Protein chains: 2
Amino acid sequence: MKIMNPRQHFCILFCLFWIQGLKNAGCQPSSKKPNIVLFIGDDFGYGDLSVYGHPTQEWGALDQMAVEGMKFTQFYTTSVFCTPSRTAILTGRMPLRTGAYGDKPVFLPNHSTGLPLQEITIAESLKELGYKTGMVGKWHLGMNKDIHTDQYYFPQNQGFDFVGTFLPFTLEDTCDEDQIYRFQPKRSKCFVYYNRTILQQPIQLDSLSTAMVQDMKAFFYENEDNPFFFYFPLPQTHIPFFNQPDFRNKSRRGPYGDQVNEMNWIVSEALDTLKELQLLDNTLSFFVSDHGAQRELCSHGGNNGLFSGGKANFYEGGIRVPAIAYWPGTIPANQINTAVMSTMDLLPTFMELAGGDPSNHGTFLDGISFAKILRDNDESAKHHDTLFFMCNEHLMAVRHQQYKIHYRTINPPSKRQYTNFCKEGIPALEYVMEKECDRTHKLNTPAIFNVEEDPGEDFPLMVHKYIDMLQKIDLEYQQLSESLPKDRKKLFDIEYIGINLSPCCNPPYCVCNYKRRSLRFLDYA
Amino acid sequence: MKIMNPRQHFCILFCLFWIQGLKNAGCQPSSKKPNIVLFIGDDFGYGDLSVYGHPTQEWGALDQMAVEGMKFTQFYTTSVFCTPSRTAILTGRMPLRTGAYGDKPVFLPNHSTGLPLQEITIAESLKELGYKTGMVGKWHLGMNKDIHTDQYYFPQNQGFDFVGTFLPFTLEDTCDEDQIYRFQPKRSKCFVYYNRTILQQPIQLDSLSTAMVQDMKAFFYENEDNPFFFYFPLPQTHIPFFNQPDFRNKSRRGPYGDQVNEMNWIVSEALDTLKELQLLDNTLSFFVSDHGAQRELCSHGGNNGLFSGGKANFYEGGIRVPAIAYWPGTIPANQINTAVMSTMDLLPTFMELAGGDPSNHGTFLDGISFAKILRDNDESAKHHDTLFFMCNEHLMAVRHQQYKIHYRTINPPSKRQYTNFCKEGIPALEYVMEKECDRTHKLNTPAIFNVEEDPGEDFPLMVHKYIDMLQKIDLEYQQLSESLPKDRKKLFDIEYIGINLSPCCNPPYCVCNYKRRSLRFLDYA
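1. A look at the overall build of chain A
At step 1: A count of helical and extended segments in chain A gives 12 helices and 19 strands.
At step 2: Taking 24 Å as the expected radius of gyration for a compact globule of 525 residues, we find that chain A reaches 23 Å, a close match to that expectation.
At step 3: Judged by the C-alpha coordinates and their principal axes, chain A covers about 80 × 65 × 50 Å.
At step 4: In chain A, which comprises 525 residues, the share counted as buried stands at 63%.
At step 5: Considering only contacts within chain A whose residues lie at least 6 apart along the sequence, 76% involve residues at least 24 apart.
At step 6: Counting only carbon and sulfur atoms, one obtains 52% of the accessible surface of chain A, whose full area is about 20,200 Å².
At step 7: Counting 50 positive and 60 negative side-chain charges, chain A places the averaged centre of each group 2 Å from the other.

Written out as structure tokens, the structure is:
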């Protein structure tokens, strides 16, 4: 063994202290770009996880991420429907800017529109910064433009290098194998792809999660040496219920709890693989839901905790979502962040963490980076003073400081109404959720709540005391309106419904069940 | 230094392993009786703490106890009013057995009745097992019998060796210094004692917590060498709001949040003192609320989380309570217990932990010990299959396995009603909470909910599918009824309202503000 001289000793000690010091200060050496894994819940409510207060939901990987990382309690989505919410997540921009609104609440398989290709997604931003990008899960941001095979709006054209097992559309009641909602799955709406190939039509639900997990792991293995972004919009907890056999009838909470447990299993598989690859300390894992749980689905819908309302209306239950950041060694354990955040913040946050500058992003961003909060635990980081919530082109509600102001309303069903259309907890098929933004009614005077004191929005404040605030908000809204592109199209309009756009693996039958390629070779776009 | 021979070495190593083994197995050496500190929340809801899901309530000592110990998610109280709930906590028996029910919901200062002295309280049980017992805080289990000075039902006659600063009655809207509820505090109902002496009439609210904390600490110091039981029914969060100056206007959640922060400060003072005395590892600290938060108090009432209803009705919001056990070294961190428990279980649990045998308790107990869960983390320990919830002599609701069955109902106010009597979140004085059990109405058919799947009690199940279960419950209820003493008195009856029973420090004025004795000497009963 070579003996070191005192200067060498000093040098090594200094280096150790310096590295330790950096670690203690919550810093990663800045040269290494962190990997980013983004999980999105589907119709997953604020109260659906044990760590957010559900009394009988089993503890799982998401809860563990929260207690070993940061749990957000005032995190908002932008929309109460899937597609617009997801466009905002991936672009950092309000649906009003990207056109993700219109007569229908979401893109349908026969729509000729999708998230415009000129929009810059998180995947594109991070690719520019040297990341490999991949996804599995639910897309729901557009499919075909002219014919059922052109795949014009597929994720491969939106910055994703790798696209594994995925649902270009969504899961919905029409895909129900258990025949609770439909006698048999509707093939024109129920299909799963691997990259550009339809694997199954309709979907084999019991193996869906496993297929996605296998693809995710393969992507992690293949990219262990370079920074990567992986987008995993989870297929749970949208109806219909589905589970792999080993997750069925296990949860104390019942079938919905089984779904959450399977979701947690997916997340645990991701974290275990990152750990195995020794990437955990250099990976930010983030979970957020697309919007609140749909209460009209009775016990087939999730739980919005102490909030009123849910999916499709604008009470906090519809727009406030669980959000969890996990980055061991950088984010200290047991952080609870109460700042007002938005899903639109993810793009600029990820850009900054990847060494980019969100102010040089090619398009206007509505999101604000909270990278400093994640990386440096800097509580002084700027957050949102005002967030606008729209339905089609109507201003529904505003979060301003501690206040929530409702301008128009879609009333959630009353307790009695729930009772009437929920038999044994199973939703009545005849019930149609109110989704038409144009049928919302304008309130004569805005309804104002202090949602930090009264999160349930039970006790309206007296409007005449808040005239100055309302005027300030009006002004901000006017500025917002003026900043919107004049030539924007409403992409969910009926006028974009086309023929021969719905995928079909073998016309005219549309029934397939193919094995996907060996996982040793990933298909890249 | 003396050299040890190999046998001595072995012996020492063996001893170390043995002790370590005991510690790892979660055992305390059985010879040492644990101290027990019991905190009771007042009208404190399931959703009032950050760790139970409140989004803006600051994190505090109770939350920390939960994450470093055990959080219960299906813990029930026995009654939706203060006095009966507290009689059950202290005796392990249903209010129907002890007589803690009647025309009024609680004992009033002019009642000649109190918790019968022949009832055996936790304090009496533990005293028998060698414990010193003490309390500060809210009593509300009876005061005088024949004259305003006889103190017949005071805690000193119910097993408490030391009684510090305490409220023999309660805090209520009549004690309001801020004149939100009353123009001036009503002296006949608002007084604080130290042991047997009235210190203040009306109460100086801003120093109340500090006085109680000082007494608690003095008791801990004085009893560091012997096992002790300390009972601290907290004066928060009943109306009126009050705070020490350093807790005012600090909480993001507003005035209610300030109160919770002061509560948390009290608890932190207790834990810090135990730590200083090196007693923390040998002390079980337990927190539970007396019943749910009163929603009719608007933003002056607490939050019942994802449950419906609250104080004075029998939805889960009224009867399911937050409960936390903290015992470092014995209860592992991050435990979430979902077993169905009752506040009546505390007496037998504490008895068993103190080395006693609950089956030898002098009277019939409705509670079941969960000592094995706390001490040995033994999940197989027995818990409640059926819990009955009564209002006066009416069977209101039953928790049976995962089901909740309502037989009679007090409807909680609707969202619209809340709106009408809450102006700026402040409750209208004219609103009178429905407290009359005899005015509840019997449902034609019971309403059944699966509260593990549907904790909000939104989706009633079809009764005809549960006939067998209902018959089983009927039988159990019949057995319960037959087990009740035939000669019991309803102690809250109007017939026990007397004259000259309300405390008055200097008749006829009833206005005092005395300094209490030096804390170096504790007054023992």
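2. So, helix H7 (residues 255–276) of chain A
At step 1: A rise of 1.5 Å per residue sets the reference length of H7 of chain A, with its 22 residues, at 32 Å; its end C-alpha atoms lie 31 Å apart and thus fit the reference within 8%.
At step 2: Positive backbone phi, approximately 55°, marks glutamine 278 of chain A, located one or two places after H7 of chain A.

3. Topic: the sheet that holds strand E13 (residues 386–391) of chain A
Residue and element names in this part refer to chain A.
At step 1: Reading across from one edge, E13-E14-E15-E18 is the order of the 4 strands in this open sheet, with antiparallel pairing throughout. The open sheet terminates on both sides in strands that have one partner only, identified here as E13 and strand E18 (441–450). Direction aside, neighbouring strands of the sheet carry axes that sit 15° apart on average.
At step 2: As paired strands, strand E15 (residues 403–409) and E18 are joined by 6 bridges and run antiparallel to one another. Bridging from a neighbouring strand, lysine 404 pairs with phenylalanine 449 of E18.

4. Structural notes on the state of the cysteines
At step 1: Under the definition given, this model contains 10 disulfides over all chains.
At step 2: Bridging cysteine 175 of chain A to cysteine 190 of chain A, the disulfide has an S-S length of 2.0 Å. One disulfide, between cysteine 175 of chain A and cysteine 190 of chain A, carries an S-S torsion of -90° and so falls in the left-handed class. With cysteine 175 of chain A in the loop between strand E5 (162–167) and strand E6 (192–194) and cysteine 190 of chain A in the loop between E5 and E6, this residue pair connects regions lying 15 residues apart in the sequence. One exposure class covers both cysteine 175 of chain A and cysteine 190 of chain A, and it is buried.
At step 3: Cysteine 391 of chain B shares a disulfide with cysteine 437 of chain B; S-S distance 1.9 Å. The sign of the -60° torsion about the S-S bond sets the cysteine 391 of chain B-cysteine 437 of chain B disulfide as left-handed. You can see cysteine 391 of chain B sitting in strand E13 (residues 386–391) and its partner cysteine 437 of chain B sitting in the loop between strand E17 (426–427) and strand E18 (441–450), a full 46 residues away along the chain.
At step 4: Residue cysteine 391 of chain B is classed as buried on the basis of its relative accessible area of 3%.

5. Concerning the sheet that holds strand E7 (residues 197–201) of chain B
Sheet strands pair via backbone hydrogen bonds, and the direction of the pair is either parallel or antiparallel.
Residues and elements named next belong to chain B.
At step 1: Taken in spatial order, the 11 strands make up an open sheet running E11-E2-E10-E9-E1-E8-E4-E5-E6-E7-E19, and their pairing is mixed. For this open sheet the edge positions go to strand E11 (335–337) and strand E19 (512–513), each flanked by a neighbour on one side alone.
At step 2: Where E7 and E19 come together, 2 bridges link them in antiparallel fashion. Looking at the pairing, glutamine 201 lines up with cysteine 512 of E19.
At step 3: Running over the sheet, helix H7 (residues 255–276) touches strand E1 (35–41), strand E8 (228–233), strand E9 (283–289) and strand E10 (323–326) and is turned about 170° from E9.

6. Observations regarding the relation of the copies chain B and chain A
Both copies of the chain are related by a screw-like operation: a rotation about an axis and a shift along it.
At step 1: Relative to chain A, chain B is turned by 180° and slid 0.0 Å along the rotation axis, the superposed coordinates differing by an RMSD of 0.0 Å. Each copy turns onto its partner about a two-fold axis.
At step 2: Taken together, the interface assignments show that 100% of the residues at the interface of chain B recur at the interface of chain A, consistent with an identical surface on both copies.

7. Re the pairing of strand E14 (residues 394–400) of chain B
All names here are of chain B.
At step 1: A large share of E14 lies buried, amounting to 6 of its 7 residues.
At step 2: The pairing of E13 with E14 spans 6 bridges and is classified as antiparallel. The residue bridging leucine 387 from the neighbouring strand is arginine 399, located in E14.
At step 3: Counted between consecutive antiparallel strands, the loop separating E13 from E14 contains 2 residues, among which asparagine 392 sits at a positive phi close to 50°.
At step 4: When E14 meets strand E15 (residues 403–409), the two strands line up antiparallel, connected through 4 bridges. When the bridges of E15 are listed, alanine 397 appears paired with histidine 406.
At step 5: With antiparallel pairing between neighbouring strands as the criterion, E14 and E15 make up a hairpin whose turn holds 2 residues, including glutamine 401 at a positive phi of roughly 50°.

8. Regarding the pattern of salt bridges
Residue and element names in this part refer to chain A.
At step 1: In the structure shown here, the tally under the stated rule is 46 salt bridges over all chains.
At step 2: A salt bridge links lysine 189 to glutamate 172; the nearest nitrogen and oxygen atoms lie 3.2 Å apart. One end of the pair, lysine 189, is in the loop between E5 and E6; the other, glutamate 172, is in the loop between E5 and E6, with 17 residues separating them in the sequence.
At step 3: Judged by its relative accessible area of 14%, glutamate 172 is buried.
At step 4: The network of salt bridges with common partners includes Asp42, Arg86, Lys138 and Asp290.

9. Re the interface of chain B and chain A
At step 1: Facing 47 residues of chain B, the contacting portion of chain A comprises 47 residues.
At step 2: For chain B, the biggest contributors to the area lost against chain A are Arg252, Glu424 and Phe459 of chain B; these three give 19% of the whole.
At step 3: Where chain B touches chain A, the interface holds 4 salt bridges.
At step 4: Arginine 295 of chain B serves as the salt-bridge partner of aspartate 458 of chain A, at 2.3 Å between the closest nitrogen and oxygen.
At step 5: Of all the secondary-structure elements, those providing two or more residues to the side of chain B that touches chain A are helix H11 (415–421) and strand E16 (422–423) of chain B.
At step 6: At 3 residues, H11 of chain B tops the list of elements feeding residues into the side of chain B that touches chain A.
At step 7: Residue composition of the side of chain B that touches chain A, by class: 19 nonpolar, 15 polar and 13 charged.

10. As for a negative patch on the surface
At step 1: The grouping of Asp103, Glu436, Asp438 and Glu495 of chain A at the surface amounts to a negative patch.
At step 2: Within the secondary structure, glutamate 495 of chain A sits in the loop between helix H12 (467–483) and strand E19 (512–513).

11. Considering unusual backbone geometry
At step 1: The peptide bond linking glutamine 201 of chain A to proline 202 of chain A adopts the cis configuration, its omega dihedral lying at -5°.
At step 2: Among the secondary structure elements, proline 202 of chain A is positioned in the loop between strand E7 (197–201) and helix H6 (208–222).
At step 3: Residue proline 507 of chain B is joined to proline 508 of chain B through a cis peptide bond whose omega torsion reads 0°.
At step 4: With respect to the secondary-structure elements, proline 508 of chain B resides in the loop between helix H12 (467–483) and E19.
At step 5: Positioned with a positive phi, glutamine 151 of chain A is a non-glycine residue whose angle comes to about 55°.
At step 6: Inspection of the secondary structure puts glutamine 151 of chain A in the loop between strand E4 (132–138) and E5.
At step 7: Notably, asparagine 500 of chain B is not glycine yet its phi reads approximately 60°, a positive angle.
At step 8: In this structure, asparagine 500 of chain B sits in the loop between H12 and E19.
At step 9: Given a relative accessible area of 48%, asparagine 500 of chain B falls into the partly exposed group.

Rules used throughout
Residues numbered from 1 in each chain as written. Chains lettered and ligands numbered in written order. Predicted model: local features only at pLDDT ≥ 70, side-chain atom pairs only at ≥ 80, totals over all residues. Heavy atoms only, no water. Helix = DSSP H or I, 4+ residues; strand = E, 2+ residues; numbered from the N terminus. Rg over C-alpha atoms; globule rule 2.2 N^0.38 Å. Buried < 20%, exposed > 50% of the residue type's maximum accessible area, 1.4 Å probe, protein only. Contact = heavy atoms within 4.5 Å. Areas by Shrake-Rupley, 256 points an atom, 1.4 Å probe, with all protein chains shown as cover. Lys, Arg positive; Asp, Glu negative; His and termini not counted. Charge placed at Lys NZ, Arg CZ, Asp CG, Glu CD. Expected span 1.5 Å × (residues − 1). Pairing = 2+ DSSP bridges. Axes fitted to C-alpha atoms, helices over the stretch in contact; angles between N-to-C directions. Disulfide = S-S within 2.5 Å. Least-squares fit on C-alpha atoms with pLDDT ≥ 70 in both. Salt bridge = Lys/Arg side-chain N within 4 Å of Asp/Glu carboxyl O. Buried area = accessible area lost by both parts, 1.4 Å probe. Nonpolar A, V, L, I, M, F, W, Y, C, P; charged D, E, K, R; others polar. Patch = residues over 30% accessible without salt bridge, like charges linked within 9 Å, V, L, I, M, F, W, Y side chains within 5 Å.

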